[in-house]
Amino acid sequence: MAVRRHMVILFLFFGGLITMAQEQSLVNTSSSSYARLYGVNITDVQWTEGFWAERFEVCRKSMVPHMMSKYMNDTISHAFANFEIAAGLKEGKHQGPPFHDGDFYKLLEAVIMVNALSRSDELDREIDSIITVIGKTQRNDGYIHTPVVINQHHEKEGKGEFTERLDFETYNMGHLMTAACVHYRVTGKTNLLDIAKKATDFLYDQYKKNPAMLARNAICPSHYMGVVEMYRTLHDQRYLELAKGLVNIRSMVKDGTDDNQDRIPFRQQTKAVGHAVRANYLYAGVTDLYMETGEDSLFNALDAIWHDVVERKLYITGGCGALYNGVSPDGTTYKQSPVQQVHQAYGRDYQLPNLTAHNESCANIGNLLWNWRMLLATADARFADIMEMVMYNSLLAGVSLNGKGYFYTNPLLVAEDITYTLRWSKVREPYISYCNCCPPNTIRTIAGIHNYFYSVSNAGLRINFYGGNILTAKLKDGSAIELKQITDYPWNGKVKLVIGEIPEREFSFFLRIPIWADTAALMVNGEKSNADIIPGKYTEIKNLWKPGDSIELELPMRAELIEANPLVEETRNQVAIKRGPVVYCLESADLPEGNKIFDVTIPSDVQLKVNKDKIEESHIITLTGEVLTAKNKNWTGQLYRKINDEKQEKAVIKFIPYYAWGNRGKGDMTVWIPVSCR
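Given the structure is predicted, the values throughout are model-derived calculations rather than measurements.

## What to know about the overall build of the chain
Per the secondary structure count, the chain includes 16 helices and 25 strands. Here the chain has a C-alpha radius of gyration of 25 Å; the compact-globule value for 678 residues is 26 Å, and the two agree. C-alpha extents for the chain along the principal axes are approximately 75 × 70 × 55 Å. In the chain, which comprises 678 residues, the share counted as buried stands at 63%. Carbon and sulfur atoms provide 49% of the accessible area of the chain, an area that totals close to 26,200 Å². A gap of 1 Å separates the mean positions of the 74 positive and 79 negative side-chain charges of the chain.

Below is the structure:
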């Protein structure tokens, strides 16, 4: 096929121009009655220079083409081949996991997003050719899921829809809906949206005919987000009815589990339990529904669960889902029986192991999706603080700096001396053959992360995050706004906003002051501002602006030692290093010869020096400081021994951003380090 022959080449070159439709943002809350904020259009923000401009270029030039080359090569992945077989364009059987369709939709969304910013007519045509193949796999009733469609081609009485709970049909359809809405918004075309509409209609029909069956098959419910976004796009009241019904019918599941968050009705839940990807997708989808209905009981549950995660179950990197395997309830969750296994899941309160931390990349991204929606719903900066924690740490740790390798899990400690084999690789892989769901999710998130940086309300423009970019947008009243951000954030705390076009009336800018920024300062047109500056809040600056006016924000970028609640037993008497939003780690590559990561103790009064550095041609800031080291004597055959009172030696070592670990070959790594007081 032409698609297969030319796709990789086309991804490496972006030129020309495509016609843009009237857009909205990734999550379009512009007409949502109970949303406090709405986003700017997808193409309103263009990267200029700095951190995210660099990451986007790696996404455009490396992540997207390399992963698509894997998906289009049926000797590596059957993701696209399954569509070709289901469409009757080639012979064969389905290969790969049942959620392979969803993986492909996620990568297609990334391609659409990159092309929206880079604009290539030729790539636009290639996207259309892929959509044509996808459309040919859809049944007349709207059902679309290649494992079942292919099986029914081969067998007259083949496996029907929703016969296996773990077939992920609704999960796949949800990602189709999301990709279709994005495609429509940036191109104005309805070819993918028409497919998604038929799929949404199919789910609506199933909801009316057999709601219990549909409830039982809500595994990893991306379709909650997808259905609401289809409602926002097409304004079909049936879709809002469906979105409400999907939450209500969860109580109909007879064999519900904590692992799937359907053991008790959602509105009664107060704790984050079970599979972390399923949980975070559920919470994101319910937040979408809340923004359309304003139902207090939904928000009350979401808020209680959010506090449970942030105050008891969240890693310092924004990662979540501590356990590969566990049990729930364990006597503290819900007073029900029997005890059930949970998988890739949230654990108990304060149960945050480092070596075996699961932290699936998809769960971390789900955390980002959920908190973005909570921010839109409330305009509360606490949700943006959590987003930033994910963006600069656990999200980027999932992909190598060159954009060619990926992690499924994101531990905070890796040590070769631990001899047992964990299921997932300790090195990033170009294609995770057993389960490649995380790489396309990571890619689409980085491709679209610019859409999180600004949001709008009737009161003015909110600057949620900082990075070198130009915003060119129109407000609801038709007035234009242009704003340029000049900054080297997160490496430097100085941010300058230069105003271009601006409404000819008093207008407010709301600048988010990160929760860690305890000594931030603001200047307007070179003069100190008297605006209230409170960490963890937005600061409003209202003025009658003119082109050329400027706002300067300076955030403190001290390297600081962070301790955890002592109830987190795995990190007791240890510290992590954080500078701004970036968490740091120690890699064995930066240790003196003969030392291991377990030999290092960091003084509580350590002075950390900031250094400009590069790894894999990526610009980073490293930190160096004087620590104490002790040669680790042979522990072979010993579990315990008398403490070694030998004097420790001083050594100056380097710490690198956590997200950059594992890019210099295989080695040990730790985020948490024992602390000593001088």
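Alright, that's what it looks like, and here's the rest.
## Notes on the sheet that holds strand β4 (residues 323-328)
What the 3 strands build is an open sheet, ordered β3-β5-β4; its pairing is antiparallel. The open sheet terminates on both sides in strands that have one partner only, identified here as β3 (274-275) and β4. Relative to strand β5 (residues 340-346), β3 runs antiparallel, the two being bridged by 2 bridges. Bridged to His275 within β5 is Ala345.

## Notes on the packing of aromatic side chains
Per the counting criterion, the structure on display carries 28 aromatic pairs. Both rings, one in Trp47 and one in Phe453, keep their centres 5.0 Å apart while their planes meet at 85°; by these two values the pair is edge-to-face. Of the two residues, Trp47 is situated in strand β2 (residues 45-47) and Phe453 in the loop between α16 (438-447) and β7 (454-457); the sequence distance between them amounts to 406 residues. Given a relative accessible area of 0%, Phe453 falls into the buried group. Joined through ring pairs, the aromatic side chains of Phe51, Trp52, Tyr392, Tyr466, Tyr489, Trp491 and Tyr659 make up one cluster. In this structure, Arg382 is placed above the aromatic ring of Trp306, and the distance from its NZ or CZ to the ring centre is 4.6 Å. Stacked on the ring of Tyr538, the Lys or Arg Arg462 has its end atom at 4.6 Å from the ring centre.

## Section: helix α2 (residues 51-71)
With 21 residues, α2 should cover 30 Å at 1.5 Å per step; its first-to-last C-alpha distance of 28 Å lies within 8% of that length. Along α2, the sharpest kink reaches roughly 40°, centred on Cys59. When you tally the buried positions in α2, you get 17 out of 21 residues, the bulk of the element.

## Re the confidence of the model for the chain
Any region with low pLDDT has predicted coordinates that should not be read closely. Taken as a whole, the chain shows an average pLDDT of 92; of its residues, 94% reach a score of 70 or greater. In the predicted structure, residues 1-21 sits below a pLDDT of 50 and forms 63 contacts with residues beyond four places in sequence or in another chain.

## Topic: the sheet that holds strand β8 (residues 460-463)
Strands sit in the order β1-β7-β8-β12-β15 across an open sheet of 5 strands; the sheet is mixed. This sheet does not close on itself; its edge strands, each paired only once, are β1 (38-39) and β15 (537-544). The sheet contact formed by strand β12 (residues 506-513) and β15 spans 8 bridges and is antiparallel. Paired with Leu511 across the bridge in β15 is Thr539. Across the face of the sheet, helix α15 (residues 381-397) comes into contact with β12 and β15 while running at roughly 50° to β12.

## Concerning the pattern of salt bridges
Applying the stated criterion across every chain, the model contains 45 salt bridges. For Glu229, the salt bridge goes to Arg232, with nearest N and O atoms at 2.9 Å. Taken as a pair, Glu229 and Arg232 lie in helix α10 (residues 222-234) at a separation of 3 residues, close to a single helical turn. Arg232 matches Glu229 in its accessibility class, with the two residues each being buried.

Scoring rules and cut-offs
Residues numbered from 1 in each chain as written. Predicted model: local features only at pLDDT ≥ 70, side-chain atom pairs only at ≥ 80, totals over all residues. Heavy atoms only, no water. Helix = DSSP H or I, 4+ residues; strand = E, 2+ residues; numbered from the N terminus. Rg over C-alpha atoms; globule rule 2.2 N^0.38 Å. Buried < 20%, exposed > 50% of the residue type's maximum accessible area, 1.4 Å probe, protein only. Areas by Shrake-Rupley, 256 points an atom, 1.4 Å probe, with all protein chains shown as cover. Lys, Arg positive; Asp, Glu negative; His and termini not counted. Charge placed at Lys NZ, Arg CZ, Asp CG, Glu CD. Pairing = 2+ DSSP bridges. Phe/Tyr/Trp six-rings, centres within 6.5 Å; stacked < 30°, edge-to-face > 60°. Lys NZ or Arg CZ within 6 Å of the ring centre and 35° of its normal. Expected span 1.5 Å × (residues − 1). Bend = angle between axes of the 7 residues up to and from the residue. pLDDT = per-residue confidence, 0-100. Contact = heavy atoms within 4.5 Å. Axes fitted to C-alpha atoms, helices over the stretch in contact; angles between N-to-C directions. Salt bridge = Lys/Arg side-chain N within 4 Å of Asp/Glu carboxyl O.

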